[in-house]
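Okay, here's what each chain looks like letter by letter:
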Amino acid sequence: MTDTYMYLIHEPDWDSDAYLGARDGVPGGAPESNFPAHQAFQEAVVKLGARLVGGAALQNARHGGQVTPGDGDRAFDDAVYSDGPYPDTSEVVSGYYLVETDDEQLARQIAALVPTGGHIEWRKVFPVS
């Protein structure tokens, strides 16, 4: 049976706005030169026999936040929101990959290949279908 694994990239936050506002979509270069370590990772996943099924970079934490929902039908009314970045952490989730493989050991090896300036958290995705 093929399983899906999620790889969460934890690292210091990045200036995503610099990429959005730059000429050709990247600061100081053409779009095809953007994120070469991630392009190499994606190629390595395929060479190892796994299948990359999703992934994305997440924008800077200031474009989001966190919420603790209220209970039951008071989910909105009693919600407690806070903006990021968060003072209690030096790293954020800056992106993720979803990879399918039927080999748990291969999933572990792939985790070690994900480019990061911090660490990778990898988990098997719970099947809900």
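Thresholds, definitions, all that
Residues numbered from 1 in each chain as written. Predicted model: local features only at pLDDT ≥ 70, side-chain atom pairs only at ≥ 80, totals over all residues. Heavy atoms only, no water. Patch = residues over 30% accessible without salt bridge, like charges linked within 9 Å, V, L, I, M, F, W, Y side chains within 5 Å. Areas by Shrake-Rupley, 256 points an atom, 1.4 Å probe, with all protein chains shown as cover. Salt bridge = Lys/Arg side-chain N within 4 Å of Asp/Glu carboxyl O. Helix = DSSP H or I, 4+ residues; strand = E, 2+ residues; numbered from the N terminus. Phe/Tyr/Trp six-rings, centres within 6.5 Å; stacked < 30°, edge-to-face > 60°. Buried < 20%, exposed > 50% of the residue type's maximum accessible area, 1.4 Å probe, protein only. Pairing = 2+ DSSP bridges. Axes fitted to C-alpha atoms, helices over the stretch in contact; angles between N-to-C directions. Contact = heavy atoms within 4.5 Å. 1 Å grid on protein atoms, 1.4 Å probe; cavity = no way out; pocket = protein on both sides within 12 Å on 5 of 7 lines; lining within 4 Å. Points joined across faces, edges and corners; volume = space filled by probe spheres on them. Nonpolar A, V, L, I, M, F, W, Y, C, P; charged D, E, K, R; others polar.

## Quick word on a nonpolar patch on the surface
1) Next: There is a patch of nonpolar side chains on the surface, built from Val 67, Phe 76 and Tyr 81 and spanning about 400 Å² of accessible area.
2) Next: The residue Phe 76 is located in the loop between strand E3 (65–68) and strand E4 (80–83) in this model.

## Section: the packing of aromatic side chains
1) Next: Applying the stated criterion across every chain, the model contains three aromatic pairs.
2) Next: When the ring of Tyr 5 is compared with that of Trp 122, the centres are 5.8 Å apart and the planes differ by 50 degrees; the resulting orientation is tilted. Residue Tyr 5 is found in strand E1 (residues 3–11), and its partner Trp 122 is found in strand E6 (residues 119–124); the two are separated by 117 residues along the sequence.
3) Next: Residue class for Tyr 5 comes out buried when judged on its relative accessible area of 2%.

## Side note on the sheet that holds E1
The strands that make up a sheet pair up through hydrogen bonds in the backbone, lying either parallel or antiparallel.
1) Next: Spatial strand order, E2-E5-E1-E6: four strands in an open sheet with antiparallel pairing. Strands with a single pairing partner mark the edges of an open sheet, and in this sheet they are strand E2 (51–57) and E6. Going across the sheet, the axis of each strand differs from the next one's by a mean of 20 degrees, ignoring polarity.
2) Next: Direction of pairing for E1 relative to E6: antiparallel, over a ladder of six bridges. Across the sheet, residue His 10 finds its bridge partner in E6, namely His 119.
3) Next: Here helix H3 (residues 104–113) sits on the sheet and contacts E1, strand E5 (92–101) and E6; the angle it forms with E1, its principal contact strand, is near 20 degrees.

## Here we look at the layout of surface pockets
1) Next: Size it by volume and the largest pocket reaches roughly 300 Å³.
2) Next: Around the largest pocket sit 15 residues that line it, and Glu 11, Phe 35, His 38, Ala 57 and Ser 94 are the ones nearest its centre.
3) Next: Within the residue set of the lining of the largest pocket, elements represented by two or more residues are E1, helix H2 (36–47), E2 and E5.
4) Next: Looking at the lining of the largest pocket, its residues break down into eight nonpolar, six polar and one charged.

## Re the side chain of Ser 16
1) Next: With respect to the helices and strands, Ser 16 occurs in helix H1 (residues 16–21).
2) Next: In this structure, Ser 16 is in contact with Gln 59, Asn 60 and His 63, ignoring residues within four places of it in sequence.

Note that every value here comes from positions in space, so none of it alone points to a role or purpose.
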